[in-house]
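# Fold and geometry: a report
Okay, here's what each chain looks like letter by letter:
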Protein chains: 2
Amino acid sequence: MGISKTNLFDTSQQQFSVWAKAFSHPARIAILEHILSVKSCICGDIVLALPLAQATISQHLIVLKQAGLIKGNIEGNAICYCIDAENWGKCKNTFLIFFEKLNIQNTCCS
Amino acid sequence: MGISKTNLFDTSQQQFSVWAKAFSHPARIAILEHILSVKSCICGDIVLALPLAQATISQHLIVLKQAGLIKGNIEGNAICYCIDAENWGKCKNTFLIFFEKLNIQNTCCS
DNA sequence: AATCTTTATCGTAATATTGCAATATTACAA
DNA sequence: TTGTAATATTGCAATATTACGATAAAGATT
């Protein structure tokens, strides 16, 4: 890459891109959908549900956790992952506001 | 990576991740915001507006175009980029539906 | 035609991501 | 304490992304 230039942009743009990057792999979408679909936030069987090795799932979970989208609670020797509702709301709002920026006047090229 | 396993996931999950990946760099957010903010969809001055080289901007534009978020119309020797309103709407809906999947019952871990 | 402007592409370097086997860590159970 | 189950971390290989200078391509202008 030469040198990363992500820091030349607005904080809000960087936050947006961090969240988007968390969503940018189908495995992470699948993990989130699994957590969302299971009423109680079971965790380790995410590994059973997805066609990836345990180590790989673990890494994806870390990415999601660092983006603030999920959090993990220790339950015995297992860990219970679930959505971080507060950050989820912030993320949702960021995307919503962004998508709303398009109105009919903006679309010029036929 | 060893070998990519993105194709082991649902088409919808892959489509979601492709859009998210398009949003996953602050430069591309900045480009989209610039296109959205300028009423008429001027293009080449995106290069002037951002702190990146012309070749780099061009690459980011291709990523956005391949994701279907923008389209380019040739105007003389310049190119006019603008939002692809139809795909923008599809993308927006995908994200909206996804974010709506969280309800209070889902958040278990205090 | 010669030149300028604008955008795309090529080549290359630096860095990041993805994936997994192997291993470590942690908590429980016997 | 020894074993077992669950998760994280390490190390490494393969691939993707980011960045830009140089150059090419295509339309405009003179």
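Structure's up top.
An account of the accompanying structure is given in this report. In this text the structure is predicted, and so the values were computed from the model without any measurement. (Residues numbered from 1 in each chain as written. Chains lettered and ligands numbered in written order. Predicted model: local features only at pLDDT ≥ 70, side-chain atom pairs only at ≥ 80, totals over all residues.)

### Notes on the overall build of chain A
For chain A, the count of helices and strands is five helices and two strands. For chain A, the succession of helices and strands along the chain, N to C, is α-α-α-α-β-β-α. Classification of the 110 residues of chain A by burial places 30% in the buried group. Partitioning the intrachain contacts of chain A with sequence separation of at least 6 by distance along the chain shows that 49% fall at a separation of at least 24. (Helix = DSSP H or I, 4+ residues; strand = E, 2+ residues; numbered from the N terminus. Buried ≥ 20, exposed ≤ 12 C-beta atoms within 10 Å, placed from the backbone. Contact = placed C-beta atoms within 7 Å.)

### Quick notes on the interface of chain B and chain A
Taken residue by residue, the interface counts 40 residues in chain B and 40 residues in chain A. Those elements that provide at least two residues to the side of chain B that touches chain A are helix 1 (11–22), helix 2 (26–37), strand 1 (70–75), strand 2 (78–83) and helix 5 (85–100) of chain B. Sorting elements by how many residues they give to the side of chain B that touches chain A places helix 1 of chain B first, with six residues. When its residues are assigned to classes, the side of chain B that touches chain A shows 23 nonpolar, eleven polar and six charged. (Nonpolar A, V, L, I, M, F, W, Y, C, P; charged D, E, K, R; others polar.)

### A word on the pairing of strand 2 (residues 78–83) of chain A
Residue and element names in this part refer to chain A. In terms of strand pairing, strand 1 (residues 70–75) meets strand 2 through six bridges, oriented antiparallel. Each residue of the ladder has a partner; that of Ile-70, found in strand 2, is Ile-83. From the end of strand 1 to the start of strand 2, which pair antiparallel, there are two residues, and Gly-76 there has a positive phi angle of about 65°. (Pairing = 2+ DSSP bridges.)

### Let's talk about the environment of Gln-15 of chain A
Tracing the chain through its elements places Gln-15 of chain A in helix 1 (residues 11–22). Once the C-alpha coordinates of Gln-15 of chain A and Gln-59 of chain A are considered, the two residues, 44 residues apart in sequence, prove to be 20 Å apart.

### A closer look at the environment of Gln-13 of chain B
Checked against the element boundaries, Gln-13 of chain B lands in helix 1. Judged by the 19 C-beta atoms lying within 10 Å of it, Gln-13 of chain B falls in the partly exposed class. Beyond its immediate sequence surroundings of up to four residues, Gln-13 of chain B is in contact with Pro-26, Ile-29 and Ala-30 of chain A.

### Some remarks on the relation of the copies chain B and chain A
At an RMSD of 0.1 Å, chain B and chain A line up after a rotation of 180° and a shift of 0.0 Å along the axis. The operation mapping one copy onto its partner corresponds to a two-fold rotation axis. Across chain B, the rotation axis passes nearest the C-alpha of Ala-20 of chain B, at a separation of 2.4 Å. A symmetric contact is evident, with 100% of the interface residues of chain B recurring at the interface of chain A. (Least-squares fit on C-alpha atoms with pLDDT ≥ 70 in both.)

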